[in-house]
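Listed below, chain by chain, are the residues.
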There are 2 protein chains.
Amino acid sequence: MPQDDDQQTSAFDAATAVRRGPDRGFVAELDPGWDVGGGILNGGYLLSVAARAALAESPHEHPVALAGSYLRAPAAGPATVAVAPGPAGRTLAHAIVTLSDAGGAALTVQATTATLTEAAAERELPMPDVPPVGDCVSISEHAHLAPPGLAVPGLVQRIETRLDPATAGWAMGASSGEPVLRAWLRFADDREPDPLALVTFADALPPTSFAMGRFGWAPTVQIQVLVRALPAPGWCLVEARGGTLAGGWHDEDYTIWDSTGRLVAQSHQLARAPR
Amino acid sequence: MPQDDDQQTSAFDAATAVRRGPDRGFVAELDPGWDVGGGILNGGYLLSVAARAALAESPHEHPVALAGSYLRAPAAGPATVAVAPGPAGRTLAHAIVTLSDAGGAALTVQATTATLTEAAAERELPMPDVPPVGDCVSISEHAHLAPPGLAVPGLVQRIETRLDPATAGWAMGASSGEPVLRAWLRFADDREPDPLALVTFADALPPTSFAMGRFGWAPTVQIQVLVRALPAPGWCLVEARGGTLAGGWHDEDYTIWDSTGRLVAQSHQLARAPR
C-alpha cells in the first residue's frame, strides 16, 4: 500500500472529523465503517471523535486522559459533539464532551488535554517479547476461520490487526485458558499513529474473552484512556488483558507500545460480562 | 477501640454526608480532617462525597465505576454537589456529578451506579501473600521516623494504615527500588468497609514514589475507581503500583481485596509526577 503523505485524507481523519455547528458545539458524521459487528460502532472510535472536539477547544495539542461513559450505542450518521470547557492552564486543560445522535446523548467524556513532549521515560513497562509483524496472524485474512456467525467487522478492515500467534488460537478454533490478546496494529491505509489514533487503538481488539473461546459481545460501560507519549511511525503493539469477571461485570486493561518499544498509551475499562 | 454498631455516626459517614440543598443539588461539609498534608483534602475522600450524591439520585445502591477529574483542590467547609442524572435502567444508571466550593468547580465525576450482589467471582486476581495485620507497620505509629517535613496527615489518623514490612522501608529511612506499597486498611473507628469506603481506600496510600524515597506531592489529575464486589467486614488489603513515569506524568494502579481474599475494588490514576 502506498504511503499517504497527506494525513487529512486518511480514513481515520475523515471518520473522526468534527466541524463547528450552530450553538458553539461541533457536528460530526459517524462512519458506519468503524463497527465491531451488528452495526455497533467501536467505542474507541467514538472516543476519538469526542477527543478531537475537546482538542478544538483546548490550548493544548494532545488528549492525555479521557474517561468515557457509554450511555447508549449511537447510530452511524450525523452527530453533535458539545464541549463544556473547564479550567485551562499552561500544563493541562479540562473539558466535558457529550456526543449525541438523534436519539440523545450516547457518550460523555471527561477530557484532559496537554502537550506531550519527546522527553524519554524515567520508568516504563517494557514491551513484551512478540514475534515480528510478518510472523503474526492477520485477523482479516483469517476471517474464514472465525467461529460461525462472527463476521469480520469494519474495524479490522480499517485497522490492520496482526495477532501474536501465542494469543491467536481462538481465531483458528483452539482457544486458550488466558484472557490475553496481543497484536500489532496499524491503519490499513498506512496513516501513521498519533495520540488520537492511540485513543482508538486503546479499545480496538476483540473482547479478551474471545481468547478463551467465548464469543459474546461485551459492551463497555466506562473506559479510561491515558496517552503517555507521542508514538513513532510504524506498527504499535497492543496488549489487552482481562481482569476480574464477577457478578456480570468484567474489566480489561490495555497497554500500547510504539515501534521503538516505548510505552505510549494505556486503557482500563469496565464492561458487562460477555454473554 | 469499641465496635461502633451505628454506622451513621462513624467519622467517614459524617464527613461524606450530603443533604438536599436548594436548586435540586446537594450540599456537603468537607471535613478538614481528611487531608493528605498542607490542607489538601484526599482525592478518594472527595470522590466518596460525590458518589454519595450520585447514589441519592440513583435507583441503584452502589457506585461501580467512577471517573473523576480533579480541577482544583477545594477548601474544607461548605460545598455543593450537583448531580445531572443520565440514563437509568435495571442494570445500571449514569450521572455526572460536580463538586464545588466557593471558588468554583473542584471535581467532576462520571458515576455509574448499579446493585452489586454476593455472586462469587468467575475469575479474579488472587490476593498477594502479605503478613498478618499484627506483623505490619502502622504509619501513624511510625510518624516520628518520617522524613523531615513530612507531617502525618489527617487521612492516616482516620484510616488505620498497616504497611507490609516489605514495602515499608521508606518509613524507616530505607527506600526501595520499586514503586509499590501494600497495606491493610481499616477505619480507625472500626466502621466496616462498604462500596463507598472502597472509593476512599482506592486513593488512600501515599504516592508510590514514597517507596523509592521521593517524598514530593503527586497531585491526581484523573482517577477511575471500579468497585467489583461487596467487601466483607474487617481489614482490606490495598496494593498500589506505580507504572510509567514520563514527561512529568505518572500513573498508579490500586487493587483492593477484602478480609476473605476477594478482589473488591480497583483504581487507575494519572497524576503529575512527584516533585
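Each remark here, short or long, concerns the structure printed above.
Here is a short report on the structure shown in this document. From a predicted model like this one, the values you see are computed outputs, not experimental measurements.

### Notes on the relation of the copies chain B and chain A
Inference 1: Superposition record for chain B on chain A: RMSD 0.0 Å, screw rotation 180 degrees, translation along axis 0.0 Å. Viewed as a symmetry operation, the transformation between the two copies matches a two-fold axis. Among all residues of chain B, the one whose C-alpha sits closest to the rotation axis is Ala-67 of chain B, at a distance of 3.1 Å.
Inference 2: A share of 100% of the interface residues of chain B reappears at the interface of chain A, consistent with the copies meeting face to face through the same patch.

### Here we look at unusual backbone geometry
Inference 1: Its identity is not glycine, yet Asp-190 of chain A carries a phi of approximately 65 degrees, on the positive side.
Inference 2: Within the element layout of this structure, Asp-190 of chain A appears in the loop between β10 (180-187) and α4 (195-201).

### Overview of the nonpolar core
Inference 1: With 72 residues, the main nonpolar core has Leu-47, Phe-201 and Ile-256 of chain B as its most contacted residues.
Inference 2: The greatest single-element share of this core, amounting to nine residues, is contributed by helix α2 (residues 43-56) of chain B.
Inference 3: Not counting chain neighbours up to four residues away, the residues in contact with Ile-256 of chain B comprise Leu-198, Phe-201, Ala-202, Cys-236, Leu-237, Val-238, Arg-262, Leu-263, Val-264 and Ala-265 of chain B.
Inference 4: Among the nonpolar cores identified, the runner-up in size contains 71 residues, and Leu-30, Val-109, Leu-226 and Val-264 of chain A belong to it.

### A few points about the interface of chain B and chain A
Interfaces are often sized by the accessible area lost when the parts come together.
Inference 1: Facing 48 residues of chain B, the contacting portion of chain A comprises 48 residues.
Inference 2: The contact between chain B and chain A buries some 4000 Å² in all, and 53% of this surface belongs to carbon and sulfur atoms.
Inference 3: On the chain B side of the contact with chain A, Gln-110, Arg-123 and Arg-228 of chain B bury the most area, a combined 19% of that side's loss.
Inference 4: In this assembly, chain B and chain A are joined by four salt bridges.
Inference 5: Across the salt bridge formed by Glu-122 of chain B and Arg-214 of chain A, the nearest N and O atoms sit 3.4 Å from each other.
Inference 6: Joining chain B to chain A, the criterion identifies 34 residue pairs in polar contact (both at pLDDT 80 or more).
Inference 7: If you tally residues by element for the side of chain B that touches chain A, the top one is strand β3 (residues 62-70) of chain B, at seven residues.

### A few points about the environment of Glu-124 of chain B
Inference 1: Tracing the backbone through its elements, the reader meets Glu-124 of chain B in the loop between β7 (121-123) and β8 (137-138).
Inference 2: A polar contact is formed between the side chain of Glu-124 of chain B and the backbone nitrogen of Leu-263 of chain B, at a distance of 3.0 Å.

### Quick word on the pattern of salt bridges
Inference 1: For the structure on display, the rule yields 28 salt bridges over all chains.
Inference 2: A salt bridge links Arg-191 of chain A to Asp-194 of chain A, with the nearest nitrogen and oxygen atoms 2.9 Å apart.
Inference 3: For Arg-191 of chain A, a relative accessible area of 3% puts it in the buried group.
Inference 4: A salt bridge links Arg-228 of chain B to Asp-251 of chain A; the nearest nitrogen and oxygen atoms lie 2.5 Å apart. In this pair, Arg-228 of chain B sits in the loop between β11 (220-227) and β12 (236-246) while Asp-251 of chain A sits in strand β13 (residues 249-257), so the two residues belong to two different chains.
Inference 5: Residue class for Arg-228 of chain B comes out buried when judged on its relative accessible area of 4%.
Inference 6: With a relative accessible area of 3%, Asp-251 of chain A lands in the buried category.
Inference 7: Linked by salt bridges that have partners in common, Asp-164, Glu-178, Arg-182, Glu-239 and Arg-241 of chain A make up one network.

### What to know about the environment of Leu-30 of chain A
Inference 1: Inspection of the secondary structure assignment puts Leu-30 of chain A in strand β2 (residues 26-30).
Inference 2: The residues contacting Leu-30 of chain A, other than those within four sequence positions of it, are Leu-41, Tyr-45, Leu-46, Val-49, Pro-74, Ala-75, Ala-76, Gly-77, Ala-79 and Leu-99 of chain A.

### Some words on α2 of chain B
Residue and element names in this part refer to chain B.
Inference 1: Its 14 residues place the ends of α2 20 Å apart at the C-alpha level, agreeing with the 20 Å of an ideal helix rising 1.5 Å per residue.
Inference 2: In terms of burial, α2 is a largely internal element, 13 of the 14 residues being buried.
Inference 3: In this structure Asn-42 caps α2, since a side-chain oxygen of it lies 3.0 Å from the backbone nitrogen of Gly-44.

### Brief notes about the pairing of β11 of chain B
All names here are of chain B.
Inference 1: Of all the eight residues making up β11, eight are buried; the element is thus mostly covered by neighbouring parts of the structure.
Inference 2: As defined by bridge partners, β3 adjoins β11 across five bridges and the pair is classed as antiparallel. By the bridge assignment, Gly-68 is partnered in β11 with Ile-223.
Inference 3: Across seven bridges, β11 lies against strand β14 (residues 263-272) in antiparallel orientation. For Leu-226, the partnering residue across the bridge sits in β14 and is Gln-266.

Analysis parameters
- Residues numbered from 1 in each chain as written.
- Chains lettered and ligands numbered in written order.
- Predicted model: local features only at pLDDT ≥ 70, side-chain atom pairs only at ≥ 80, totals over all residues.
- Heavy atoms only, no water.
- Least-squares fit on C-alpha atoms with pLDDT ≥ 70 in both.
- Contact = heavy atoms within 4.5 Å.
- Helix = DSSP H or I, 4+ residues; strand = E, 2+ residues; numbered from the N terminus.
- Core = buried A, V, L, I, M, F, W, Y, C linked by side-chain atoms within 4.5 Å.
- Buried < 20%, exposed > 50% of the residue type's maximum accessible area, 1.4 Å probe, protein only.
- Buried area = accessible area lost by both parts, 1.4 Å probe.
- Salt bridge = Lys/Arg side-chain N within 4 Å of Asp/Glu carboxyl O.
- Polar contact = N/O pair within 3.5 Å; in protein donor to acceptor, adjacent residues only side chain to side chain.
- Expected span 1.5 Å × (residues − 1).
- Pairing = 2+ DSSP bridges.

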